[in-house]
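One-letter residues, chain by chain:
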Amino acid sequence: MTIDPMDPRSPSVQIADFLRQQIKDKVLRPGDKLPSERVLAEQFGVAPQTIRQGVDKLKNEGRVAGQPGRGVFVVAPAPLIRLGKERFRRSFRAVGKSAQQADAEAAGLSFRQELLELADVPAPADIAALLGVAEGATVFKRTRREYVDDTANQIATSHWRVEDVAGTAIREIVTGPGGSLARLEDVGFVFTKYYVEHGPARMPEPEERKLLRIGEGVPVADTVRHVFGYRASAGETADDARVLEVFRSVVNGPTIKYTYEFEAE
């Protein structure tokens, strides 16, 4: 390909568009190394700086990544999983599957997670309001990084009232089969509904980008889920239902597909 001087796109954009199409058409496949700046500069008849600008656009999209001393390589697409409401089915918890694990396995993908934080912390204002405690009151926080087929997929953070998780494996490194929802059921909690609140898709903060190992141009989905229920074992009824868990996920955007199902009236 040569640069078209009559094209309204700048040379660097033309180069980026050409290489992007090569990746989409699988002419350049995941793991393939791009030609050097010198070779591309000769091919397109432009300065190496123009090539660098074009390749940088693909880096910002997460399509290619540089490896110091080796060159620039095409990045494998992240594994895509569907997030649907059925992943909260009790039957999944009964066989020891968390919601994210159920999604991943439904897509034929592997799942694992690692613990990042496990601590009693002062409740931030937004968490305190949802859990019905005073701002600064002690709540329990659990943060983990989850992987789907070894791709960092999600940073998941949950907050609970301290008394709700006392004596449960939620406070331990390993929660056990079925995750935190199963452990709440073990001590007599009953769930009444799930309310999912979505924040807008956004660009990640530097620490989030680092934890999810994503390129600078890759967005994240920032989602908050409130789990409602009551503790039947303590004599509570559905009338006493409240927010039991505030769950926030920051998800590597290209790895998910949200699916909603609505009943017709």
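Conventions and cut-offs
Residues numbered from 1 in each chain as written. Predicted model: local features only at pLDDT ≥ 70, side-chain atom pairs only at ≥ 80, totals over all residues. Heavy atoms only, no water. Helix = DSSP H or I, 4+ residues; strand = E, 2+ residues; numbered from the N terminus. Polar contact = N/O pair within 3.5 Å; in protein donor to acceptor, adjacent residues only side chain to side chain. Contact = heavy atoms within 4.5 Å. Expected span 1.5 Å × (residues − 1). Buried < 20%, exposed > 50% of the residue type's maximum accessible area, 1.4 Å probe, protein only. Patch = residues over 30% accessible without salt bridge, like charges linked within 9 Å, V, L, I, M, F, W, Y side chains within 5 Å. Areas by Shrake-Rupley, 256 points an atom, 1.4 Å probe, with all protein chains shown as cover. Salt bridge = Lys/Arg side-chain N within 4 Å of Asp/Glu carboxyl O.

- The name an unreviewed UniProt entry assigns to the protein chain is GntR family transcriptional regulator, from the organism Catenulispora pinistramenti.

**Focus: the side chain of E146**
So, step 1. Assignment of secondary structure puts E146 in strand β5 (residues 138–148).
So, step 2. A polar atom in the side chain of E146 sits 2.6 Å from the side chain of Q154.
So, step 3. In contact with E146, not counting residues within four places along its chain, are Q100, F111, R112, Q113, T151, A152, N153, Q154 and A156.

**A look at helix α1 (residues 11–24)**
So, step 1. In this model α1 runs 20 Å from its N-terminal to its C-terminal C-alpha over 14 residues, within 8% of the 20 Å that 1.5 Å per residue would give.
So, step 2. For α1, every residue scored as buried is listed here: S12, Q14, I15, A16, L19, R20 and I23.
So, step 3. In the core, the buried residues of α1 are packed alongside α2 (37–44), α3 (48–60), β1 (64–67) and β2 (71–74).
So, step 4. Just downstream of α1 lies K26, where phi reads positive at about 65°.

**Some words on a nonpolar patch on the surface**
So, step 1. On the surface, a cluster of nonpolar side chains totalling about 300 Å² of accessible area is made up of L115, I173 and V174.
So, step 2. Checked against the element boundaries, I173 lands in the loop between α7 (162–165) and α8 (179–186).

**Remarks on unusual backbone geometry**
So, step 1. Positive phi, normally seen in glycine, also occurs at K26, with a value near 65°.
So, step 2. Note that K26 resides in the loop between α1 and α2.
So, step 3. Using a relative accessible area of 51% as the deciding quantity, one classes K26 as exposed.
So, step 4. Phi at D149 takes a positive value of approximately 50°, unusual for a residue other than glycine.
So, step 5. Structurally, the position occupied by D149 is in the loop between β5 and β6 (151–161).
So, step 6. Its relative accessible area of 36% is what places D149 among the partly exposed residues.

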